[in-house]
Structures are given as structure tokens and as C-alpha cells.
Amino acid sequence: MKHKRLAAAVLAAALWLTGCGGAAAPAAPAGSGAASQSAADTVVQTAQKDRITEQFTLEKTIQLYEWGSAQKLTIHVPQLVCDGPDAAYLNDELAAMYAADFRQYEDSPEIEPQQDEWSPEIYINWDAYWYGDCVSLVMFRYDGGSDPGYSRGWCFDFATGKQVSVAEMLQRMGLDPDAVQQQMLREAMQTFDRRMAQGGYYEGLLSGGNLASMRMNTLENNQLDDLCLLLPEQNRLVLRGGCSSPAGSGWRQLDVEIPLQAADPQPQTVLTDTYGSASVQLEGTQGTITLRRTPETAAWDTDYGIRLEQDRTYPILGIYNEYIDLCIGELGASFHPVVYLLTRDGVVEYVDVLHCLMFGSALVCQDPIYIANQGVALERSGSEVNLRQEDGSVLELAPLTAEWNAQEIPSEAVGAFNDMSDNQFDWMDVESNGSVQMGVQDNNVFYQGYADYLGVVPEGMVLGVSTSETADGMPGITFVAAVKYDLYNETLSFTMIDGQNPFAEGKTQLQLIRCPDY
């Protein structure tokens, strides 16, 4: 899609605004501290500021308790000067989120500020970034301590009096929301992986599936509707999201700049490798693995119950980084291909082909091996792959791959869940060690088996499930599904990736309810 320059909206917009439905305003960030470029800009910014005022302001230092220390409060909560239900709802939401807890201190006596750098401070303020008649209102809150604070944003169109989504704002700027979404997810995941490799990772994150949960939260909470849209300068667009962290509140802010003008396409480096009956090709974040039917892959039918009828090419799911090298090696004695990927930041990721195929036909990139970092090249040594590091040392990857494969099931997917839709009762019980039990077809068919964690995709944490033959002689089933737990509604989103949905035939998505005993 052809991208429009932000400056075009500045030239085309009128200068005056008065309440909802007023004339269009230039696309310049007002209320955000941008300097005036002319007398006309000053008039426009004044008119824009008239559309947003403050509904609650509190700046004082108080003593919360008789024995407590000084508490500094700097609270500024805006409101939209506009009639209509959307504006009223947004104003009420802002009041409930940012003002309600502090109204009780309006009449509290002011105390002499203490010159103590450790005195707690609560700071809440806002910025407004304009694009024509639309404003992106960004709230920022800092509660003291080591956490850097967090932001939340809303977009509103004064011309229509309606709240608009970030995707709609991007479309008005001539951007493709889907392309921007993919860029945001890639940037967030790359930042998360880089920080973990630089010292954020520790061994305990593999237990309880904590690492998987953190990577999933980074993807889930960088969806467009959860982002703040900033226009810090006339021709700059920034989306504010974040990524998980093992420190503090578990979240760190992340700003990603989005080009407003389409750049000339740059040729992508194509990486390839072939080993035995497997080959891989990677171009950007689009990768495929091809398996040929040979005696060594035909042996999988007897050894693992995996039948490869003919040569087949599979897409690689769950890759988000930029890569500089790849190499195929083996894990174990028989032909067990593993595709290793080296990121631009020197961290190793991998696709355990045989492990994935035991659950169906979805090849998912496993979480990065953060302790296999500072890499400059991948080298095959015999049948296995080593990492050549910056200092010239060599790290064997097979033992680390086996360790990473042994991650526990993420805690969000552990427990008992049921589906009572379509007037029938189905259920699934998953334990942290991977043990799975299911009652399907209105609890008339009972399966037992195991589940393995395979990686993360935007739809959720990927589980491969394989069950044994039932007591009645029915064959077992295998499938791959992405699961995502909603803490507030206590439901598990279940999205099929490969195989047949055991709970609702023909459906790719459903919601499972967590049983109250868990």
C-alpha cells in the first residue's frame, strides 16, 4: 500500500476548531510540547487545546499516615470537551482510572516537602497528539520505585464525536494496519529476546513454563488496540507498547518508530542449507523446511508412527528475529533433524523437526536458547551443530537443545477446563508434566496421552497433543493447538493449528472454561 506523508495532512487542514464537528485541524502534535512554527500554528494549537481540558488536577505533598513519610502527588487527568456518548464514556473511564483514588486528598493539608530522594511519588499526566480532527490521548502513570511507569492511550475523532481504533488512525495516515502489526510484534519480540540474552534470563524461567508465558505476554500485549499512538514530531509516528521482563512489575515500555513513507524495498538475504533428507530456506521471517521421502525418513513410520508419503515442504511458524546464519544437524542416534537459526543479536533459535512431527504437520520455532549467545556462525561437526562465538570458543548445541525441549507446560494451560457449548459436555485436564486426559463427544470418548510445549505464535502458546488408543479400541488422536488464557474471564482460548478439533468437529476456535477447583 502506498504511504502518505504526514505533512500532506498539515497543508490540507483548516486552522480553526470549535468543539465536536468543527473544521479539520492540521496534523501536528499539540498539547505535547511541540514548538510553534508560525502564528497560524499557534492559533491551531490553542484551538486544539480548547477541545481537551483537565477534569482533575492535584499537585501537593501530603502525609498519608501519621507515622508515614511525605508523599508527593502530581495528578493531571484530562477530559474531552465534546458532547456525545463516546466522549462521556471516555471521560468517565479516565476519571475512574486516574482520578477516583486521589479525590480524597484534595482537602488534605499540604506539608513541607521533605528533601528526601527516597520519598514516594505518584505522577500522572497526559499528552495529546493530533492528526486532523483526530487526537491520540496518551496517559502516563509512575508510582515510584524502580519500575519506569506505564502508558495507555485512546484515539478520538472530534469531527464525528466517536472513539476510533489505532488501526483506523493508521489507515487515515495511509498505512496498512496488518503490516504495522507484524512490524510491532517483530520489534517487541526481538527486544525481549535481546534483553534476555544480555542477562535477563535465569534458569528458573524454564520451570512452570515461565519463559513461554513471558514471550506470549509480549506478543499478546502488543496488539494494535493495546498500543499508544504518538506523533512526537510532524513527520514521526511512534507506537508505544512494551515487553515482558523478569524484574519489577514484569513489564518494560517499548517505543517503535513506524515509517510514514514507504521505503524502497531492500533485497532480502536468502539463507539455505541441506543435510541428509532435510533442507531449509529462510528469507526474512519467511522460512520453509522440506523433507524428502528417503529410506531414513521412511524409517520414521516404524520408529515413531510418522509416515511421509512423499516429499513435503512445511512453513516455519513462530520466527520473529532477523537471522544471519542457519544450519541443519541431528539430535540423537537416528535421523533426527534440527534446524538451527542464528539471530542478528548472536542468539540461537531452533526447530526440532522430528519433535514437532510427532504431533502433526506444524513446524514451530522453539524459544531461543539464551545461553547460546554471542554467536557469529553455526558450524556442523559430524552430525551435530556447534556455535562459533565471538571470542573464538565453540559451544555444542545438542545438549542445550535437549534441555530446552524439556520445558514444562506453561502454567496458564495447566488445570481442568471444560466446554459446555452446543448442549454437550467436553473437558480437558492438563498437568505441568504434560500428562493429558480428555472427555469428548459429550464425555462419551475418553482419551489419555501427553502434551509438549512447542513455541509461541500470536494466537497463543503452542501445544502438541498425542493420545493413546482408547479402552474401547478407538485409535488415538494427535493435534496441535495454540492456547491463550484470559485471567479475568478464566477462559482458555483454543485455536487449532493442525489436526482435527477433538471438542468441536469442524471448528478452529473455541473457549474452554477453567473448572473452579483449579
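Above this note sits the structure.
All figures in this text were calculated on a predicted structure; none of them were measured in a lab. (Residues numbered from 1 in each chain as written. Predicted model: local features only at pLDDT ≥ 70, side-chain atom pairs only at ≥ 80, totals over all residues. Heavy atoms only, no water.)

A. Quick peek at the state of the cysteines. As enumerated under the stated definition, the model contains zero disulfides in all. C356 carries a free sulfur, and the closest cysteine sulfur to it, the one in C365, is 9.2 Å from it. (Disulfide = S-S within 2.5 Å.)

B. Spotlight on the environment of D143. Along the polypeptide, D143 turns up in the loop between β4 (134-142) and β5 (150-157). When its relative accessible area of 38% is taken as the criterion, D143 is described as partly exposed. Residues within four places of D143 in sequence aside, it is in contact with E121, I122 and Y150. Of the polar contacts made by the side chain of D143, one reaches the side chain of R141; its length is 2.9 Å. (Helix = DSSP H or I, 4+ residues; strand = E, 2+ residues; numbered from the N terminus. Buried < 20%, exposed > 50% of the residue type's maximum accessible area, 1.4 Å probe, protein only. Contact = heavy atoms within 4.5 Å. Polar contact = N/O pair within 3.5 Å; in protein donor to acceptor, adjacent residues only side chain to side chain.)

C. Representation of the environment of V77 in the model. Residue placement: V77 occurs in strand β2 (residues 70-80). Dropping the residues within four chain positions of it, V77 is found in contact with T53, E54, Q55, F56, L94, Y98 and A99.

D. Molecular detail of the sheet that holds strand β9 (residues 251-258). Ordered in space as β7-β8-β9, the three strands form an open sheet in which the pairing is antiparallel. Sheet topology places β7 (228-233) and β9 at the edges, where each strand pairs with a single neighbour. Neighbour to neighbour, the strand axes of the sheet diverge by 35° on average, direction disregarded. Where strand β8 (residues 236-244) meets β9, eight bridges bridge the pair, whose relative direction is antiparallel. Each residue of the ladder has a partner; that of G242, found in β9, is Q253. Its contacts with the sheet place helix α5 (residues 177-200) against β8 and β9, and it is angled at close to 135° to β9. (Pairing = 2+ DSSP bridges. Axes fitted to C-alpha atoms, helices over the stretch in contact; angles between N-to-C directions.)

E. Quick peek at the pattern of salt bridges. Evaluation of the coordinates by the stated rule reveals 15 salt bridges. Across the pair R215 and D367 runs a salt bridge whose closest N-O atoms are separated by 3.0 Å. Remark: D367 occurs in the loop between β17 (363-364) and β18 (375-381) and R215 occurs in helix α6 (residues 210-220); sequence separation between them is 152 residues. Taking the relative accessible area as the measure of exposure, D367 reaches 0% and is therefore buried. The shortest N-O distance in the salt bridge between R388 and E379 comes to 3.0 Å. (Salt bridge = Lys/Arg side-chain N within 4 Å of Asp/Glu carboxyl O.)

F. Representation of the packing of aromatic side chains. As enumerated under the stated definition, the model contains 13 aromatic pairs in all. Ring centres of F359 and Y450 lie 5.9 Å apart, and the angle between their planes is 75°; on these two criteria the pair is classed as edge-to-face. In this pair, F359 is assigned in the loop between α8 (353-357) and β17 and Y450 in strand β24 (residues 445-457), connecting sequence segments 91 residues apart. An aromatic cluster of three or more residues is present, and its members are W130, F156 and F158. Sitting over the ring of Y485, R514 keeps its end group 4.5 Å from the ring centre. (Phe/Tyr/Trp six-rings, centres within 6.5 Å; stacked < 30°, edge-to-face > 60°. Lys NZ or Arg CZ within 6 Å of the ring centre and 35° of its normal.)

G. Region of interest: the sheet that holds strand β14 (residues 323-330). Spatial ordering of the open sheet is given by β14-β15-β16, a layout of three strands whose pairing is antiparallel. Two strands close off the open sheet at either side, each with one partner strand: β14 and β16 (348-352). The mean angle between the axes of side-by-side strands here comes to 20°, regardless of whether they run parallel or antiparallel. Direction of pairing for strand β15 (residues 337-343) relative to β16: antiparallel, over a ladder of five bridges. Bridge assignment links V338 to a residue of β16, and that residue is D352.

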